[in-house]
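# Descriptive structure summary
Listed below are the residues making up each chain.
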Amino acid sequence: GAVVSQHPSRVICKSGTSVKIECRSLDFQATTMFWYRQFPKQSLMLMATSNEGSKATYEQGVEKDKFLINHASLTLSTLTVTSAHPEDSSFYICSARGNHGLYYEQYFGPGTRLTVT
Amino acid sequence: KNEVEQSPQNLTAQEGEFITINCSYSVGISALHWLQQHPGGGIVSLFMLSSGKKKHGRLIATINIQEKHSSLHITASHPRDSAVYICAIGPIQGAQKLVFGQGTRLTINP
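Below you will find a few notes about this structure. Quick caveat, the model's predicted, so the values are computed rather than measured.

## Considering the overall build of chain A
Helices and strands together make up the secondary structure of chain A, namely zero helices and 11 strands. Taking 117 residues into account, the globule formula puts the C-alpha radius of gyration at 13 Å, and chain A, at 14 Å, falls close to it. The principal-axis extents of the C-alpha atoms in chain A amount to approximately 45 × 25 × 25 Å. As displayed, chain A has an accessible area near 5700 Å², and 53% of this comes from carbon and sulfur atoms. A gap of 6 Å separates the mean positions of the 11 positive and 9 negative side-chain charges of chain A.

## Notes on the state of the cysteines
All names here are of chain A. If you walk through the whole model with that rule in mind, you get two disulfides over all chains. Bridging Cys23 to Cys94, the disulfide has an S-S length of 2.0 Å. With the S-S dihedral at roughly 75°, the linkage between Cys23 and Cys94 falls on the right-handed side. In this pair, Cys23 sits in strand S3 (residues 19-25) while Cys94 sits in strand S9 (residues 90-100), placing the two residues 71 residues apart along the sequence. Comparing Cys23 with Cys94 shows no difference in burial state: the two are buried.

## Concerning the nonpolar core
By size, the foremost hydrophobic cluster in this structure holds 25 residues, and its most contacted members are A:Val4, A:Trp35, A:Phe67, A:Leu79, A:Tyr92 and A:Leu114. Looking at this core, the elements with two or more residues in it are strand S2 (10-13), S3, strand S4 (32-38), strand S5 (45-51), strand S7 (67-73), strand S8 (76-81), S9 and strand S11 (112-116) of chain A. Discounting chain neighbours no more than four positions away, the residues touching A:Leu79 are A:Val19, A:Lys20, A:Ile21, A:Trp35, A:Phe67, A:Leu68, A:Ile69 and A:Tyr92. Counting residues in each nonpolar core, the second largest holds 23 residues, with B:Trp34, B:Ala61, B:Ile74 and B:Cys87 among its members.

## Considering unusual backbone geometry
In this model, A:His7 is joined to A:Pro8 through a cis peptide bond whose omega is 0°. Turning to its location among the elements, A:Pro8 is positioned in the loop between strand S1 (4-7) and S2. Along the chain, B:Ser7 connects to B:Pro8 via a cis peptide bond; the corresponding omega equals -10°. Assignment of secondary structure puts B:Pro8 in the loop between strand S1 (4-7) and strand S2 (10-14). Positive phi is not limited to glycine here, since A:Ser83 has a value of about 45°.

## Quick look at the sheet that holds S8(A)
Residue and element names in this part refer to chain A. One open sheet accounts for four strands, arranged S1-S3-S8-S7; its pairing is antiparallel. Where the open sheet ends on each side, the last strands, each with one partner, are S1 and S7. Across the sheet, the mean angle separating the axes of adjacent strands is 15° when strand polarity is ignored. Looking at chain direction, S3 and S8 are connected through six bridges and run antiparallel. Residue Ile21 lies in a different strand from S8, and its bridge partner there is Leu79.

So, how was this worked out
Residues numbered from 1 in each chain as written. Chains lettered and ligands numbered in written order. Predicted model: local features only at pLDDT ≥ 70, side-chain atom pairs only at ≥ 80, totals over all residues. Heavy atoms only, no water. Helix = DSSP H or I, 4+ residues; strand = E, 2+ residues; numbered from the N terminus. Rg over C-alpha atoms; globule rule 2.2 N^0.38 Å. Areas by Shrake-Rupley, 256 points an atom, 1.4 Å probe, with all protein chains shown as cover. Lys, Arg positive; Asp, Glu negative; His and termini not counted. Charge placed at Lys NZ, Arg CZ, Asp CG, Glu CD. Disulfide = S-S within 2.5 Å. Buried < 20%, exposed > 50% of the residue type's maximum accessible area, 1.4 Å probe, protein only. Core = buried A, V, L, I, M, F, W, Y, C linked by side-chain atoms within 4.5 Å. Contact = heavy atoms within 4.5 Å. Pairing = 2+ DSSP bridges. Axes fitted to C-alpha atoms, helices over the stretch in contact; angles between N-to-C directions.

Here it is, written out as structure tokens:
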């Protein structure tokens, strides 16, 4: 199957700094990217949806100025956590979807564990 | 009632046993996903299917659209199969959200 990569897999940063997480679809064109976060022992929670070349659509309660999403190409999306705080520590997962008429393919990245100290 | 229900929530088995995890859903879909999440957190997309059956190694996924039910089977289970298995349903097209089941925690003892 297709592969979606995320980088970095783990990151530790100091409070107040910004962190960028990259999500790449390696062998298909991702017209839509989804970003999720997951707290311990909980399910994945959708943060935002972005279509290539368009602004991201954020879920209710997710601060768009804090979680900046860029989807500049069909193979790359980035999530930047700005002015990170300890409560932003979480597991962030991207998912890439390629649409083919009535059919779509969608795969998940392995996730990025962010720890803010 | 959740749109996606998985059973069992927890499953412990001995190495070598045949494992079945079930996923039932209540709305119309075009595709269903099975994901594996390891204890360290990493997620692996196992299957995306809309009909019939798919097989990859020791893993088999089936779906019955009429009955709104899917199963994930693991043959000759191994301790490295220990993980949380997540079922998610998706739409035909567009940027709609996936709906996730609560996950099944599988533990395979040696």
